[in-house]
Amino acid sequence: METPSTLTPMIELSRRQDGSNDTTAFAHDVAEGLSQRQKTLPSRYFYDGAGSKLFQQIMTLPEYYLTRCEQEVLQENKEAMVRQFSQGGLFHLIDLGAGDAFKTKILLSELSEQQSAFDYVPVDISGDAMQELSESLQKELPQVKVEAVVGEYFQALKWLQENKAERKVVLFLGSNIGNFETAESIGFLRSIRSYLQPGDQLLMGVDLRKNPDVILKAYDDAAGVTAAFNLNLLHRINRELDADFDVNQFCHHAIYNPLEGVMRSFLVSKSEQEVHIRKAGLTVHFDAWEALQTENSYKYNIPQIDELGKECGFEIETVFYDSQKRFADVLFKVS
Ligand code: AVJ
């Protein structure tokens, strides 16, 4: 074990109780997805080291408006947001899927500017990311009290419910809610709600419905970074599960359905082929031009978000938009 360079308080929840490890879970999920008649792979496995780097590159693409729009929303509305967070006094700011938190830092510096009574609890499954974030905050915003939690969202919320009695403001930024199917997002928000109390708040980033051409280009960029991000999932399976995907025999394909408001991303097999995934004990057959679905990114309008919130015990307090109304950060209170 290496000793971390700075001692930062960090809670590690990610150890599994049943003795299984992350590779076992990955193998199980891959086997399950690829055994279906319509093959799928869960999008949460995009983010290994290489995938996280590619996603950071995506966020800087001219076509990928989401990140820049949300940054604008936070930058332009930080004073109002912080005022609304701070109304009830002392609170824990819980950042689900914090990553490098470069958007949250906009709020953190405003919070310390307004001298709010809070501490910052970033939550992420990446221990490395949480270590780096704790250290960078110590340098950039030393006055902010940080307690990073390494673990799954609900593990973390449960831990917080049992260990912290004070008010909670939960951040779920970046349109991550978009990856869930409608039924899943209801389940997700109801679970969050079950860990909260009256007086608590949730700030959720949602990508709004807009010109389909704009949306489509964001997931099929000219430089091919999104294609590389999608294909990296096959490289990851090769690396971690001892598989033999011929990645050149697959191509990225993305479509937007304006009726459902969903971007769907696929990997399409360019030829008939067989793939062996040794650690999953599986041989998979692909027909020529068979599609494997890797991601959904749902787009919403505000009435839908209002209804979703109400179904899950949340009431909209304020909707914050960017100047083009492409993206919204919706502040909910527990109803
Ligand atoms: C991180 C889930 C918000 O759906 O826009 C970016 C991931 N996929 N380009 C999204 C992603 C392809 C992103 N989220």
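Treat the numbers as computed from the prediction; the structure is a model and nothing was measured. (Residues numbered from 1 in each chain as written. Predicted model: local features only at pLDDT ≥ 70, side-chain atom pairs only at ≥ 80, totals over all residues. Heavy atoms only, no water.)

**Notes on the site of the ligand**
Inspection of the region around the ligand gives 14 residues, with Tyr64, Gly174, Tyr219, Glu295 and Ser297 positioned closest. Contact between the ligand and Tyr64: an oxygen atom at 2.5 Å from a side-chain N or O atom of the residue. The side chain of Ser297 places a nitrogen or oxygen atom 2.7 Å from an oxygen atom of the ligand. When the ligand sits alone it has 350 Å² of accessible area, and the protein chains cover 97% of it. The set of elements that each furnish at least two residues to the shell around the ligand consists of helix 2 (49-58), helix 9 (225-241) and strand 11 (291-298). Split into classes, the residues belonging to the shell around the ligand amount to seven nonpolar, six polar and one charged. Domain assignment of the residues forming the shell around the ligand places at least three in each of domain 1 (4-8 + 63-210 + 300-334) and domain 2 (12-61 + 212-298). (Near = heavy atom within 4 Å. Polar contact = N/O pair within 3.5 Å; in protein donor to acceptor, adjacent residues only side chain to side chain. Areas by Shrake-Rupley, 256 points an atom, 1.4 Å probe, with all protein chains shown as cover. Helix = DSSP H or I, 4+ residues; strand = E, 2+ residues; numbered from the N terminus. Nonpolar A, V, L, I, M, F, W, Y, C, P; charged D, E, K, R; others polar. Domains from an automatic or database assignment.)

**Topic: unusual backbone geometry**
Of note, the phi angle at Gln115 is positive, near 50°, even though the residue is not glycine. Here Gln115 shows up in the loop between helix 4 (104-113) and strand 3 (118-124). If you check the backbone angles, Trp289 has positive phi at about 65° while not being a glycine. Owing to a relative accessible area of 55%, Trp289 belongs among the exposed residues under this scheme. (Buried < 20%, exposed > 50% of the residue type's maximum accessible area, 1.4 Å probe, protein only.)

**Concerning the UniProt feature "domain: Histidine-specific methyltransferase SAM-dependent" (unreviewed entry) in the chain**
Sequence positions flagged by UniProt for "domain: Histidine-specific methyltransferase SAM-dependent" (unreviewed entry) are, in local numbering, residues 26-333. For residues 26-333, the end-to-end C-alpha separation is 35 Å, with 40% helix and 25% strand making up the annotated structure. (UniProt positions renumbered as here; feature names shortened; annotations may be inferred.)

**A look at the pairing of strand 10 (residues 282-286)**
Residues Leu282, Val284 and Phe286 of strand 10 are buried on one face, while the alternating residues Thr283 and His285, pointing to the opposite face, are not. Between strand 9 (residues 273-277) and strand 10, which follow one another and run antiparallel, lie four residues, and Gly281 among them has a positive phi close to 55°. (Pairing = 2+ DSSP bridges.)

**Some words on the sheet that holds strand 4 (residues 148-150)**
What the eight strands build is an open sheet, ordered 1-4-3-2-5-6-13-12; its pairing is mixed. With one partner strand each, in any of the chains shown, strand 1 (10-12) and strand 12 (314-321) form the two edges of the open sheet. Ignoring which end each strand starts from, the neighbouring axes of this sheet average 20° apart. In the sheet, strand 1 pairs with strand 4 via three bridges, with the strands oriented parallel. Along strand 4, the bridge assignment pairs Ile11 with Val149. Each of strand 6 (201-207), strand 12 and strand 13 (327-334) touches helix 10 (residues 302-311); the most contacted strand, strand 12, lies at about 150° to it. (Axes fitted to C-alpha atoms, helices over the stretch in contact; angles between N-to-C directions. Contact = heavy atoms within 4.5 Å.)

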